[in-house]
Structure formats: structure tokens, C-alpha cells
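# Reading the structure
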Amino acid sequence: MALDVHVVDDPSRRGLTGEWPVCQFEEAVHSYIFHGAGIEVYSRYAYLRRMIDFYADASYAGDALDAVVGESDDLLPQLSANQVVR
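Note that the structure is a prediction, hence the values are computed from the model and not measured. (Residues numbered from 1 in each chain as written. Predicted model: local features only at pLDDT ≥ 70, side-chain atom pairs only at ≥ 80, totals over all residues. Heavy atoms only, no water.)

### Observations concerning the packing of aromatic side chains
This model, assessed by the stated rule, comprises 1 aromatic pair. Centre to centre, the rings of F54 and Y55 are 5.2 Å apart; their planes meet at 85°, and the pair counts as edge-to-face. Given a relative accessible area of 58%, Y55 falls into the exposed group. (Phe/Tyr/Trp six-rings, centres within 6.5 Å; stacked < 30°, edge-to-face > 60°. Buried < 20%, exposed > 50% of the residue type's maximum accessible area, 1.4 Å probe, protein only.)

### Details of the nonpolar core
Counting 13 residues, the largest nonpolar core has V41, L48 and L75 as its most contacted members. If you list the elements that add at least two residues to this core, you get α1 (27–36) and α3 (63–75). (Core = buried A, V, L, I, M, F, W, Y, C linked by side-chain atoms within 4.5 Å. Helix = DSSP H or I, 4+ residues; strand = E, 2+ residues; numbered from the N terminus.)

### Considering the pattern of salt bridges
Two side chains with opposite charge may pair up if their charged atoms get near one another. Per the stated rule, a full pass over the model turns up 1 salt bridge. One salt bridge in this structure joins D74 and R44, with 3.7 Å as the shortest N-O distance. You can see D74 sitting in helix α3 and its partner R44 sitting in helix α2 (residues 41–44), a full 30 residues away along the chain. According to the relative accessible area criterion, D74 is partly exposed, its value standing at 37%. (Salt bridge = Lys/Arg side-chain N within 4 Å of Asp/Glu carboxyl O.)

### What about the confidence of the model for the chain?
Where the model shows low pLDDT, its predicted coordinates should not be examined in detail. Of all residues in the chain, 74% attain a pLDDT of 70 or more, and the chain-wide mean is 79. Averaged over each element, pLDDT in the chain is lowest for strand β1 (residues 2–6) (72) and highest for α2 (91). (pLDDT = per-residue confidence, 0-100.)

### Quick notes on the side chain of H30
One can find H30 in helix α1. Taking relative accessible area as the criterion, H30 reaches 4% and is therefore assigned buried. Not counting chain neighbours up to four residues away, the residues in contact with H30 comprise L3, M51, I52, D53 and F54. (Contact = heavy atoms within 4.5 Å.)

### Section: α3
For an α-helix, the turn length of 3.6 residues means that residues three or four places apart are oriented alike. Taking 1.5 Å per residue as the helical rise, α3 with its 13 residues ought to reach 18 Å, and the 18 Å between its terminal C-alpha atoms agrees with that figure. Taken together, the buried positions of α3 are A64, V68, E71 and L75. The arc that holds the buried residues of α3, viewed along the axis, is 60°, so those residues lie on one side. The exposed residues of α3 that point more than 90 degrees off its buried face are D63, D66 and D73. Where α3 is buried, its residues contact α1 and α2. (Expected span 1.5 Å × (residues − 1). Arc of directions from axis to C-beta.)

Following this line, the structure appears as C-alpha cells:
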């Protein structure tokens, strides 16, 4: 199972393939980011923490989308791909 990330202009269009950017986080990657990387994601990144529950939906619009991209840009260089358990 993977955490799917869809970029759409309307929530009803989520899941349509080929039209919109999509990426996936495998459960091990999600677990590492939120629980194993040693980074206080929950307290440092207000927008990313909406994704902490692997099984729940999180959505962003307008300025929130810009904020989650900014938080991702800050967080990603801190992660080591070598540490993710596969």
C-alpha cells in the first residue's frame, strides 16, 4: 500500500491518471519521514503534519499549497534515502 499524492484543480478529479501530477510514498518511506528520521515533523511543519496519518486524507489549496511545498523543500534535504527500510 502507498500514500498517494494527487495535484488537482478540483477534488472530484482526484485519481484521474495522465492529467495531473501524482506521486506515491510507500508505507516504509512515510513511516521514516514521520517517525524514524529524527526530525520533529509534527512540531516544525504545520502543513506536512496533516499527512502524519497514513490512512487519512489531507488536502491543501491556495496559500496552503505553497506552504506545504515550502515545507517539503525544507524537509527533503534533511532525509537520507539510505535510512529508509525497504
